[in-house]
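Observations on the three-dimensional arrangement
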Amino acid sequence: MPPIRAISAAALLSTATLLSCSLTACSPAAQDGNQGGRGGTATDAQDKGRFWQQSLDWKDCPAPSPIQGGGEAPGPLPDGTRWQCTTMQAPLDWKKPSGESIDIALIRARSSGDADDRIGSLLFNFGGPGESGVATLPALAPDYEKLRSRYDLVSFDPRGVGNSRGVRCLDAGAANEDEDEVDDTPDDGGDETDALVEFNREMAAACKKNSGDILPHVGTTEAAQDMDLMRHVLGDKKLHYFGISYGTQLGGVYAHLFPKNVGRAVLDGVVDPTRNTMEETLGQAGGFQLAFEHFAAWCAEQGCTLGDNAEEIVDTTVELEADLDDAPLPTSDGNELDGNTLIGAISGALYKQEYWPALLVGLEAATVGNGDIMLDLAEELGQRGSGGDGDADGETAGNDNESNEDDAFRAITCDDSSDRYTVADVEEKMPEFVETSLLFGPTLAWSTLACDGWPVPGEAEHPEVSAPGAPPVLLVGNTGDPATPYEGAARMAEQLGKGVGFELTYKGEGHGAYNSGNACVQSAVNSYLLDGKLPKSGAVCEAEPLPEGK
């Protein structure tokens with residue numbers, strides 16, 4: 001699972017059946033008999049029956065709530081299709097389905113094709129963890145319009161996110177103020193290190209105080225169980241799924257729990273399910289370093305003023321970060337650009353190749369004393385003082401000042417992972433992080449303390465994704481991906497099992513592949529989701545030309 005969040009914007013077979021039937025009466029999945037997944041009992045099935053029998057009440061979507069990130073209500077699609085929203089009830093604790101329930105927020109756009117051509121619903125998770133699918137899907141819908149010819153496009157706020165009983169820790173203002181006072185890379189030790197430790201423990205205590213009832217129930221396993229319930233109440237015999245970044249972990253866990261219910265599934269920007277948090281974070285440091293070196297080589301080709309070659313440009317940026325860590329650069333709006341924010345802006349800009357020209361200009365300006373562009377870049381990409389895994393598009397869906405994305409990220413990550421690292425652990429591993437990336441390594445190493453003091457024990461060292469008996473799952477790995485390095489796709493394929501994981505390689509830049517707009521990747525993914533045709537074994541999609549100039 002990616003250790004740091006970086007960037008942070010289906011029903012029945014026809015309209016007639018939707019209007020005249022309840023989902024449980026008319027759904028082909030109503031008698032699917034797999035309500036419990038692995039390990040379910042007859043008593044569990046009886047207790048869960050009330051959830052399986054529910055009908056969804058779809059209505060026009062309101063504007064995203066502040067906790068979802070805010071913004072305007074989603075407008076109709078070009079063909080006039082309106083976005084519809086609803087809530088689905090699920091057990092708060094899937095191990096005690098007779099107890100309290102939780103409302104899960106959903107959004108959909110109905111298929112644009114003929115009813116006879118409709119496959120079902122295509123469920124999206126865009127990553128994070130902590131990303132509001134309800135707020136994000138409308139923003140990215142143009143990328144998926146071709147898929148809407150045979151699917152209803154559906155997404156959701158996973159439990160603990162947005163309108164699905166969103167986790168709240170410190171209020172947004174207090175959290176931002178406290179975090180601004182903490183050095184993410186306390187290289188001076190002593191008080192700086194103590195302050196970082198205290199901040200993480202303060203966050204854990206605040207999460208327990210304000211969201212203690214939901215905290216034990218926001219992990220990926222329970223979110224996967226929610227998805228199988230969605231499959232059923234949406235009227236689908238199989239779950240057709242598109243997961244990006246953390247969404248690939250969620251998809252892998254779903255396949256493990258419900259291998260017989262997997263339909264056509266695509267995992268893009270694939271998480272390595274074999275590594276613990278420290279190992280994954282170290283791999284991510286290498287991913288960001290590689291991506292920045294690619295940027296630096298392109299920058300040199302453009303004749304930028306940061307250096308004559310990639311190595312010089314990397315050295316210049318490392319020196320700039322160290323200088324800003326010692327003496328932040330005042331900006332024209334009364335703020336300042338410090339080393340943490342510089343790293344956040346750089347890591348955010350590496351999520352999409354189209355941000356490279358802005359990064360070039362911003363770094364050039366910062367080296368001559370103007371920090372405005374880099375600060376703007378950090379704020380626009382939701383990266384002020386952070387770096388790591390973010391949403392599918394590298395942008396927040398709206399104004400996230402009151403979004404609970406950061407709180408949800410921490411809660412889901414710490415519920416999933418049993419790793420609880422100490423300052424001594426970080427100091428022991430720091431030489432490896434620095435050797436891997438002097439620019440990104442220290443920040444990422446210290447980020448592994450995020451679960452220190454967490455009030456809920458984590459589930460496991462890494463997720464279980466073995467899925468014998470599942471149909472093929474298409475895994476898209478990007479050789480230049482900073483947040484989910486390329487090798488994660490091969491390891492996910494191996495863990496899913498023989499005959500389940502099928503790899504497609506994209507030799508590109510940025511996080512993920514499909515949303516890059518690469519025609520080869522989109523054609524291969526669309527062919528599988530729409531027609532069930534997998535790419536040839538060993539298929540490779542080449543990158544399209546790099547952007548030129550500033």
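What this report covers is the structure whose coordinates are included nearby.

Along the backbone of the protein chain there are 18 helices and 12 strands. Across the 550 residues that make up the protein chain, the buried fraction comes to 59%. In the structure as shown, the protein chain presents an accessible area of about 20700 Å², 47% of it carried by carbon and sulfur atoms.

Bringing the pairing of strand β4 (residues 120-125) into the picture now. The buried fraction of β4 amounts to 6 of the 6 residues, a majority that puts the element mostly inside the structure. Both β4 and strand β5 (residues 151-156) contribute to a ladder of 5 bridges, which runs parallel. From the neighbouring strand, Leu123 faces β5, where its bridge partner is Val154. Read from β4 through helix α4 (residues 133-140) to β5, the crossover connection turns out right-handed. The pairing of β4 with strand β6 (residues 239-244) spans 4 bridges and is classified as parallel. Across the sheet, Asn125 pairs through a bridge with Gly243, a residue of β6.

Here we take up the pairing of β5. Within β5, 6 of the 6 residues are buried, which leaves the element mostly enclosed by the surrounding structure. Burial along β5 is two-sided: Tyr151, Leu153 and Ser155 and Asp152, Val154 and Phe156, pointing in opposite directions, are all buried. Relative to β5, strand β3 (residues 101-109) is paired through 4 bridges, and the arrangement is antiparallel. Paired with Leu106 across the two strands is Phe156, which belongs to β5.

The next thing to look at is the packing of helix α11 (residues 339-349) against helix α13 (residues 372-380). Axis separation between α11 and α13 bottoms out at 8 Å; the angle between their running directions is 60°. Crossing geometry of α11 relative to α13 is assigned as left-handed. Contact residues: Thr341, Leu342, Ala345, Ile346 and Ala349 in α11; Met374, Leu375, Leu377 and Ala378 in α13. Residues that form the contact of α11 with α13 fall into these classes: 8 nonpolar, 1 polar and no charged.

We now examine the pattern of salt bridges. Two side chains carrying opposite charge are able to pair once their charged atoms lie near each other. Evaluated as defined, the whole model comprises 17 salt bridges. Here Arg82 ties to Asp60 by a salt bridge, and the two come within 3.1 Å at their closest N and O atoms. Pair noted here: Arg82 is in the loop between β1 (59-60) and β2 (84-91) and Asp60 is in strand β1, with a separation of 22 residues, a long-range link. Ionic contacts of the salt-bridge type, sharing partners, join the residues Asp272, Arg275, Glu487 and Arg491 into one network.

Per the stated rule, a full pass over the model turns up 16 aromatic pairs. Ring geometry for Tyr144 versus Tyr514: centroids 5.6 Å apart, planes at 15°, classification stacked. Separated by 370 residues along the polypeptide, Tyr144 in the loop between α4 and β5 and Tyr514 in the loop between β11 (501-507) and α18 (519-531) bring together distant segments of the chain. Judged on exposure class, the residue Tyr144 and its partner Tyr514 are both buried. Judged by centre distance (5.7 Å) and plane angle (55°), the ring pair of Trp298 and Trp356 falls under tilted. With Trp298 in helix α9 (residues 277-301) and Trp356 in helix α12 (residues 356-367), this pair connects stretches of sequence that are 58 residues apart.

A general trend in soluble globular proteins is that nonpolar side chains are found buried together. Grouped together as the largest cluster of nonpolar side chains are 113 residues, with contacts concentrated most on Phe295, Leu350, Leu363 and Met374. Val134, Leu140, Tyr144 and Cys541 belong to the second largest nonpolar core, which has 35 residues in total.

Turning our eyes to something else, we now look at the packing of α9 against α12. Running from amino to carboxyl end, α9 crosses α12 at an angle of 75°, the nearest separation of the two axes being 11 Å. If you check the angle between α9 and α12, you find them roughly perpendicular. Contacts between α9 and α12 involve Ala291, Phe292, His294, Phe295, Trp298 and Cys299 from the former and Trp356, Pro357, Leu359, Leu360 and Leu363 from the latter. Class assignment of the residues belonging to the contact of α9 with α12 gives a composition of 10 nonpolar, 1 polar and no charged.

Here the focus is unusual backbone geometry. Residue Pro129 is bonded to the preceding Gly128 through a cis peptide linkage, with omega at -5°. You will see that Arg165, though not glycine, has its phi angle at about 50°, which is positive. Its location among the elements puts Arg165 in the loop between β5 and α5 (172-180). One non-glycine residue with positive phi stands out, namely Ser245, at about 60°. Within the fold, Ser245 resides in the loop between β6 and α8 (246-257).

Turning to the sheet that holds β4, a few remarks are in order. If you walk across this open sheet you meet the 10 strands as β1-β2-β3-β5-β4-β6-β7-β10-β11-β12, and the pairing is mixed. Each edge of the sheet is formed by a strand with only one pairing partner; in this case those strands are β1 and β12 (540-542). Where α8 meets the sheet, it contacts β4, β5, β6 and β7 (262-268), and its direction lies at approximately 145° from that of β6. Against the sheet, helix α17 (residues 487-496) engages β7, β10 (473-478) and β11, with an angle of about 160° to β10.

Attention shifts here to the side chain of Glu509. Summarising the element assignment, Glu509 is placed in the loop between β11 and α18. In this structure, Glu509 is buried with no salt-bridge partner, the nearest side chain bearing the opposite charge being Lys507 at 11 Å. Residues in contact with Glu509, not counting those within four places in the same chain, are His294, Gln353, Trp356, Asn478 and Gly480.

Rules behind the numbers
- Within any chain, residue numbers begin from 1 and follow the written order of that chain's sequence.
- Only residues with pLDDT of at least 70 are given local features in this predicted model, and only at 80 or more are side-chain atom pairs given and counted; all residues enter the totals for whole chains, interfaces and linings.
- Values reported for side chains reflect all heavy atoms of the structure, with hydrogen atoms and water molecules removed beforehand.
- Strands are runs of DSSP state E lasting at least two residues, helices are runs of H or I lasting at least four, and both sets are numbered from the N terminus onward.
- A 1.4 Å probe rolled over the protein chains alone gives each residue an accessible area, and that area as a share of the maximum for its type sets the label: buried under 20%, exposed over 50%, partly exposed in between.
- What sets the accessible areas is the Shrake-Rupley method with a 1.4 Å probe; for residues, cover comes only from the shown protein chains.
- Any two strands between which DSSP finds at least two bridges are classified as paired.
- For a crossover, the right-handed case is the one in which the path from the first strand over the helix to the second runs clockwise, viewed with the strands pointing away from the viewer.
- Axis definition: a line fitted to C-alpha atoms, over the contacting stretch in the case of helices. Angles run 0 to 180 degrees between N-to-C directions.
- Should the near helix be turned anticlockwise from the far one by less than a right angle, the crossing is termed left-handed; should it be turned clockwise, right-handed.
- Contacts are residue-level and defined by heavy atoms, with any inter-residue pair within 4.5 Å sufficient.
- Each residue is assigned to one class: nonpolar for Ala, Val, Leu, Ile, Met, Phe, Trp, Tyr, Cys and Pro, charged for Asp, Glu, Lys and Arg, and polar for all the others, Gly among them.
- One speaks of a salt bridge when a side-chain nitrogen belonging to Lys or Arg is within 4 Å of a carboxyl oxygen belonging to Asp or Glu.
- Each pair of aromatic rings taken from Phe, Tyr and Trp, with Trp reduced to its six-membered ring, is defined by centres within 6.5 Å and is described as stacked if the planes are under 30 degrees apart, edge-to-face if over 60, and tilted in the remaining cases.
- Among the buried residues, those of types Ala, Val, Leu, Ile, Met, Phe, Trp, Tyr and Cys that are joined through side-chain atoms within 4.5 Å form a nonpolar core.
- These descriptions rest on fixed angle ranges, namely under 35 degrees for roughly parallel, over 145 for roughly antiparallel, 65 to 115 for roughly perpendicular, and the rest for oblique.
- For the purpose of counting charges, residues Lys and Arg are taken to be positive, whereas Asp and Glu are taken to be negative. His and the chain ends are not included.

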